[in-house]
Structure formats: C-alpha cells, structure tokens
Amino acid sequence: MQLRYSFRLYPNGPQRSALARAFGCSRVVYNDALRARETARAAGEAFPKTGDLSKLLITDAKKTDERGWLGEVSAVVLQQSLRDLDTAYRNFFDGLKGKRPRMGAPRFKSRKDNRQAVRFTANARWKVTAGGDLSLPKIGNVRVKWSRILPSVPSTVTAVKDAAGRYFASFVVETTPGEALPETDPQVGIDLGLSHFAILSDGTKIDSPRFLRRAEKKLKREQKRLSRKGKGSNNRTKARIKVARAHARVADARREFHHQLSTKIIRENQAVAVEDLAVKGLARTRLAKSVHDAGWSAFVSMLQYKAARFGRTFVTIGRFEPTSQVCSQCGVKDGPKPLPIRVWECGACGTVLDRDINAAVNVAKAAGLAVSACGAQVRPVPVPAQRGEAGTHRDGHTTVVGIPAP
C-alpha cells in the first residue's frame, strides 16, 4: 500500500519566490485546460485529450509572448497539473455513476486558495542531497526538517503551501513487506462520542480533548482583529495569517491526538470494530461544532489504514444497529433512551449498564468479535483517568491528550 509522509520545508527568500512562480504556472495551465474542456462541452464537441492539451497549453504556449514565462518552471510540474485535472474529472464522473461519493465538478483555481501545491515525479530528477536538503528543479536546495526515516524510496514529492504560510514536502512511498505486528488476543469495539471521545468495550473511557473549544477565546480575539483591518491592506494580510496559524495549531493538535490514539489501539488489539456514524447528518444539528471538533471521520480512517498496514482486522457495523438500546448481558432490546440517561437498568435481567460501555460492547458483538460483556456492568461512579494516559509535545513538555506518545 502507499503511504504519505509530510515534512516541514524552510525555503529562503529566492526559493519562496520560485515556489510561488511554480504555483502560479501550474494554476494557469490547470485553468487553461479546464476552460478548453468546458468550451468544448458547451459547443457539443468531444473533450480535448490530455496529449493535445499538453502540446497546445504547454509546448506551444511557451513559444508565445503571452505564456512565455511557463518556461521558467519545471515542465513536470505543468504536466502534473494536467493529470490533476484528469483526476478531478474522473472523480466527478465516477460520483455520478455511483462508483464513489458524489463530488462537485472541477472548478477554476485561484491564487487566493488556502492551499497551493505542485508535484514532482521521478522524471523531474529531484533528489535529497548529502546534506539532507531537498533539491527541486528550478527552485534549489530547500532545507527540510526530517522527523523520521522514509521506509523506502519515494515515487513523488509534492511541495505544499498552506493557509498559514507554512511549506511542506509530501512524499509518497510504497510500504515494504513484513510490517505486520505480532498477533495478540484482545479484540475491541469502539463507541465514539462527545463527552468522551472514545469508549472501548473493555471499559476504558478516553476524554475528548476539545481542541477547538479550548482555543475559541484566542480564535475569537484574532478574528476580531482581522475584521477591523481594511480590505486589501497589508495589515489585513498579516491578521489573516495569524488567524490561519491559530486554526492550524488546533488542526495539528487534533491530528496528533488521532494518530497517537489510533496507533495505540491498533498495537494492542487484533481486531477493531466501530460504528458507521452519519457525521454529515450530525453536523447539521445544534451539536455541529462539537462534532467537527471531534473529527470522528479522520480518526476512523486512520484506524482503517493502520489496520490494513499492520495486519489487523477492521470491521464497520451499520449505523442503524441499536447498540444503545440492547442489553449486552441478555440481549433484550429495552427501547430508545434520551441522551441525558447515562446509566440504566435492564428490565429483563436487572443489570446496571453504563450507556457508552454497553454500546461499545454491542458494537463488538455486532461485528462478530469475541469480547466479554463484563465491562458493561458498572456502578454510577466517575471513571478516573489512568496515569499512563499522557502524551508529550515535541519539546518534551507533557500535555493531557488521553494516550501515551508512540
């Protein structure tokens, strides 16, 4: 399987200018190709092929005064821009045919987009220098902050600039065989929630960090400062970057939490079961901000690909499974219960059940996992956080994230 590794780039002034030029040229070729295809569609003609667009919009365009500056960047970047347009059209038509979730038609790119990116393949002859810099054609040797060793030789590298003005190098690598973890006995069902981010079928409860809620005060202050700046001014640009950096810190902290927790669960369990949640539907309710802050979809995606990578079993059960209504001890369906009810007693067998742990056990049972339901019987007392559930920042200072750092 393919994996993507991202590392922070620190380009100097001339390199930032060269990257901006590459972003702009790639965007122009993409928009020209999209305009050509939309013009052909409106005229009832066949879509121009990629080879024809390459010759017309890149090779011939470089010889004109209007597009002569396209020769200042690597030709591979421009070719990959056309490949990106082909992928966008393919995904759009596959969505119409029901082969994948629906998505919008390709749109024109803007220089004001939050994310700018260009991709270099092996044909571009990029390389990592002996000093650890990333050598990109017509850009130079860019300093990289390496945080780990790549498992294999990358096939492509993408230079990315995000809304906060940070630069990243994203590598695509093929995983090597023999990465499966040693087999283990535990199997776990996971019930995702808001008061607790995840509840495991063994009775473990992991608190929700609520990164966005904790950063709301600072975000509000920076957003107010942005709204007071005049449109088009340099001060407004500076304020916008501050807002983007504040949001980036929240997103980075959430992503780190998801990675640490998903890695811990995959390492300790042979099989993992989760419920297929209707996140889009929940995001239209009064709980929308908390739902987006939790990031369930990203967490489940990490569990899925890490299970495939390390030889674990990953199972998803249907969202209509009544996990909160069925007693995990006797299997009797006791009916729906309002959200304020966190502990209830089964009317058939008299077992006192914690709503969340009971749901996690039922998730595991519905997935066919061999789990014990003993964790569902609890007393209505708070569950203390374990001492081992503390992570660390890269600078060594501890932070309560609910799990140990890998």
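Since we're looking at a predicted model, the values are computed, not measured.

**Q** Explain the nonpolar core to me, please; I cannot follow it from the model alone.
**A** In a soluble, globular protein the nonpolar side chains are often hidden away together inside. Phe 120, Leu 134, Val 157 and Phe 171 are the most contacted members of the largest nonpolar core, which has 42 residues in total. Looking at this core, the element that brings in the most residues is helix H1 (residues 13–42), giving nine residues. The contact partners of Phe 120, leaving out residues within four places of it in the chain, are Ser 74, Val 76, Val 77, Trp 126, Leu 136, Pro 137, Ile 139, Thr 156 and Val 157. Among the nonpolar cores identified, the runner-up in size contains 28 residues, and Ala 198, Val 250, Val 291 and Val 300 belong to it.

**Q** Whenever I open this one, the pattern of salt bridges confuses me. Can you help?
**A** Side chains bearing opposite charge may pair, as long as their charged atoms lie close to each other. Evaluated as defined, the whole model comprises 20 salt bridges. For Asp 60, the salt bridge goes to Lys 55, with nearest N and O atoms at 3.4 Å. One salt bridge in this structure joins Asp 354 and Lys 205, with 2.9 Å as the shortest N-O distance. You can see Asp 354 sitting in strand S14 (residues 352–354) and its partner Lys 205 sitting in strand S10 (residues 205–207), a full 149 residues away along the chain.

**Q** Is there a simple way to explain unusual backbone geometry in this structure?
**A** What you tend to see is this: most non-glycine residues have negative phi, and most peptide bonds are trans. Even without a glycine there, the phi angle at Lys 138 is positive, about 65°. One can find Lys 138 in the loop between strand S4 (134–136) and strand S5 (140–145). Backbone geometry places Arg 210, a non-glycine residue, at a positive phi of 55°. Here Arg 210 shows up in the loop between S10 and helix H4 (211–228). Judged by relative accessible area, Arg 210 falls into the partly exposed class, the value being 42%.

**Q** Looking at this structure, I do not really get the sheet that holds strand S8 (residues 187–192). What am I missing?
**A** To summarise the sheet geometry, strands pair through backbone hydrogen bonds and adopt either a parallel or an antiparallel arrangement. Taken together, five strands build an open sheet; the order of strands is S10-S9-S8-S11-S12 and the sheet is mixed. Strands with a single pairing partner mark the edges of an open sheet, and in this sheet they are S10 and strand S12 (313–317). This sheet shows a mean twist of 20° between the axes of neighbouring strands, independent of strand direction. Bridging between S8 and strand S11 (residues 271–275) involves four bridges; their strand directions are parallel. When the sheet's bridge partners are listed, Val 188 is paired in S11 with Val 272. Lying over the sheet, helix H5 (residues 234–268) contacts S8, strand S9 (196–200), S10 and S11, oriented at roughly 0° with respect to S9. Where helix H9 (residues 355–366) meets the sheet, its contacts fall on S8, S9, S10, S11 and S12, and the angle it forms with S8 comes to roughly 130°.

**Q** Mind showing me how you'd approach the state of the cysteines here?
**A** Here the structure, examined in full by the defined rule, presents zero disulfides. A disulfide-free cysteine, Cys 327 has its sulfur positioned 3.7 Å from the sulfur of Cys 330, the nearest such atom. Taking the relative accessible area as the measure of exposure, Cys 327 reaches 1% and is therefore buried.

**Q** Which parts of the structure should I look at to understand the packing of H1 against helix H3 (residues 75–96)?
**A** Packing of H1 against H3 leaves a shortest axis separation of 9 Å and a crossing angle of 45°. Overall, the two elements H1 and H3 adopt an arrangement that is oblique. The chirality of how H1 crosses H3 is right-handed. Contacts between H1 and H3 pair Ala 22, Cys 25, Ser 26, Val 29, Tyr 30, Ala 33, Leu 34, Arg 37 and Glu 38 from the former with Val 77, Leu 78, Ser 81, Leu 82, Asp 84, Leu 85, Asp 86, Ala 88 and Tyr 89 from the latter. Residues that form the contact of H1 with H3 fall into these classes: twelve nonpolar, two polar and four charged.

**Q** How do you make sense of the packing of aromatic side chains when you look at a structure like this?
**A** In this structure the tally under the stated criterion is ten aromatic pairs. Geometrically, the ring pair formed by Phe 7 and Trp 146 is tilted, given 4.9 Å between the ring centres and 55° between the ring planes. Within this pair, whereas Phe 7 is found in strand S1 (residues 2–10), its partner Trp 146 is found in the loop between S5 and strand S6 (156–161), the two being separated by 139 residues in sequence. According to the relative accessible area criterion, Trp 146 is partly exposed, its value standing at 30%.

**Q** Help me understand the environment of Ala 164, please; the structure alone is not making it clear to me.
**A** Mapped onto the elements, Ala 164 comes out in the loop between S6 and strand S7 (167–174). Judged by relative accessible area, Ala 164 falls into the buried class, the value being 2%. Residues Ala 164 and Ile 149, 15 residues apart in the sequence, show an inter-C-alpha distance of 26 Å.

Rules and cut-offs
- Residues numbered from 1 in each chain as written.
- Predicted model: local features only at pLDDT ≥ 70, side-chain atom pairs only at ≥ 80, totals over all residues.
- Heavy atoms only, no water.
- Core = buried A, V, L, I, M, F, W, Y, C linked by side-chain atoms within 4.5 Å.
- Buried < 20%, exposed > 50% of the residue type's maximum accessible area, 1.4 Å probe, protein only.
- Helix = DSSP H or I, 4+ residues; strand = E, 2+ residues; numbered from the N terminus.
- Contact = heavy atoms within 4.5 Å.
- Salt bridge = Lys/Arg side-chain N within 4 Å of Asp/Glu carboxyl O.
- Pairing = 2+ DSSP bridges.
- Axes fitted to C-alpha atoms, helices over the stretch in contact; angles between N-to-C directions.
- Disulfide = S-S within 2.5 Å.
- Parallel < 35°, antiparallel > 145°, perpendicular 65-115°, else oblique.
- Left-handed = near helix turned anticlockwise from the far one by under 90°.
- Nonpolar A, V, L, I, M, F, W, Y, C, P; charged D, E, K, R; others polar.
- Phe/Tyr/Trp six-rings, centres within 6.5 Å; stacked < 30°, edge-to-face > 60°.

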